[in-house]
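Chains, contacts and geometry: an overview
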Amino acid sequence: MKVLLKIVGFGLLALVVGVGSAWRLIDDGAAFNVSQVGPWKTWPSESRLDADPYTRARMARSGQLPVTSSTALTFTAREDSDGDALSPECDYEIAGRPFNALWWSIAAFDDAGAPIKNKAERHAFNSKNIALLPDGSFRVRLAPRARPGNWLPTADADGLMLTLKVLKPQNAAEAGSRETRSEILPVIRRIACG
């Protein structure tokens with residue numbers, strides 16, 4: 001009986017560790033399937049036939065249409081540029097320059113990937129509706145309360161995640177390189193908390 005209990009216990013432990021590690025790799029990725037520059041992550045092989053099983057599972061679970069990097073680039077951030085987790089109670093500034101692409105957008109979501117409900121019904125800014133500064137750069141404020149300029153509300157969110165989509169980058173090979181991404185991806189700075 002003791003041997004049977006040990007076998008069952010070991011089997012349950014193996015199941016929990018296996019499912020937990022697979023879930024983490026599907027959600028967060030690892031060095032072999034995710035490219036990260038600052039707080040921004042991308043899955044470079046998500047539309048390729050030779051993508052690893054975790055990347056394929058992530059795409060299947062998300063319901064997104066897999067497209068090549070020459071068609072679209074998608075980046076996500078769950079932390080600021082200092083490496084601290086994004087919090088809906090804090091104020092952040094996302095600073096960058098417009099992308100050399102047909103269209104791009106930056107959006108705020110809760111931890112489950114759903115748009116954050118807010119009275120302004122504002123969830124994203126894109127290349128067609130974002131207000132640019134005189135030098136051509138942009139600033140987006142993430143904050144629980146209204147802010148002047150490009151403001152994305154975060155109040156009442158359960159966690160916080162940013163998604164940056166770039167459609168039809170003009171030079172996909174260059175935009176896909178790590179060196180170029182570090183120059184073009186926006187910086188996320190925490191301004192204040194509480």
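Residues numbered from 1 in each chain as written. Predicted model: local features only at pLDDT ≥ 70, side-chain atom pairs only at ≥ 80, totals over all residues. Heavy atoms only, no water.

1. Let's talk about the packing of aromatic side chains
The full count for this structure, using the stated rule, is two aromatic pairs. Seen in terms of ring centroids, Phe-99 and Trp-104 are 5.3 Å apart; in terms of plane orientation they differ by 75 degrees. Their pairing is edge-to-face. For the pair shown, Phe-99 and Trp-104 are each scored as buried. Here a set of aromatic residues connected by ring pairs shows up, and it is made of Phe-99, Trp-104 and Phe-138. (Phe/Tyr/Trp six-rings, centres within 6.5 Å; stacked < 30°, edge-to-face > 60°. Buried < 20%, exposed > 50% of the residue type's maximum accessible area, 1.4 Å probe, protein only.)

2. Quick look at a nonpolar patch on the surface
A contiguous nonpolar patch, built from Met-1, Leu-4, Leu-5, Val-8, Leu-12 and Leu-15 and spanning about 670 Å² of accessible area, is present on the exposed surface. According to the relative accessible area criterion, Leu-12 is exposed, its value standing at 52%. (Patch = residues over 30% accessible without salt bridge, like charges linked within 9 Å, V, L, I, M, F, W, Y side chains within 5 Å. Areas by Shrake-Rupley, 256 points an atom, 1.4 Å probe, with all protein chains shown as cover. Salt bridge = Lys/Arg side-chain N within 4 Å of Asp/Glu carboxyl O.)

3. Observations regarding the side chain of Ser-137
Within the element layout of this structure, Ser-137 appears in the loop between strand E6 (124-126) and strand E7 (138-143). A polar contact is formed between the side chain of Ser-137 and the side chain of Asp-135, at a distance of 2.6 Å. Ignoring sequence-local partners within four residues, the contact set of Ser-137 consists of Gly-96, Arg-97, Pro-98 and Leu-132. (Helix = DSSP H or I, 4+ residues; strand = E, 2+ residues; numbered from the N terminus. Polar contact = N/O pair within 3.5 Å; in protein donor to acceptor, adjacent residues only side chain to side chain. Contact = heavy atoms within 4.5 Å.)

4. Some words on the pairing of E7
Bridging between strand E4 (residues 90-96) and E7 involves five bridges; their strand directions are antiparallel. Paired with Ala-95 across the bridge in E7 is Arg-139. The pairing of E7 with strand E8 (residues 150-153) spans four bridges and is classified as parallel. Among the inter-strand pairings, Arg-141 is bridged to a residue of E8, identified as Trp-151. (Pairing = 2+ DSSP bridges.)

5. Re the state of the cysteines
Under the criterion given, the structure shown has one disulfide. The disulfide that involves Cys-90 links it to Cys-193, with 1.6 Å between the sulfurs. Taking the sign of the S-S torsion, 65 degrees for the link of Cys-90 and Cys-193, the bridge is right-handed. Here Cys-90, found in strand E4, pairs with Cys-193, found in strand E10 (residues 187-193); they are 103 residues apart in sequence, far enough to count as distant. On the basis of relative accessible area, Cys-90 is assigned to the buried category, the value being 2%. (Disulfide = S-S within 2.5 Å.)

6. Section: the environment of Gly-136
Checked against the element boundaries, Gly-136 lands in the loop between E6 and E7. Taking C-alpha positions, Gly-136 is 7.6 Å from Pro-98, a pair spaced 38 residues apart along the chain. If near-sequence neighbours (up to four positions away) are discounted, Gly-136 is found in contact with Arg-97 and Pro-98.

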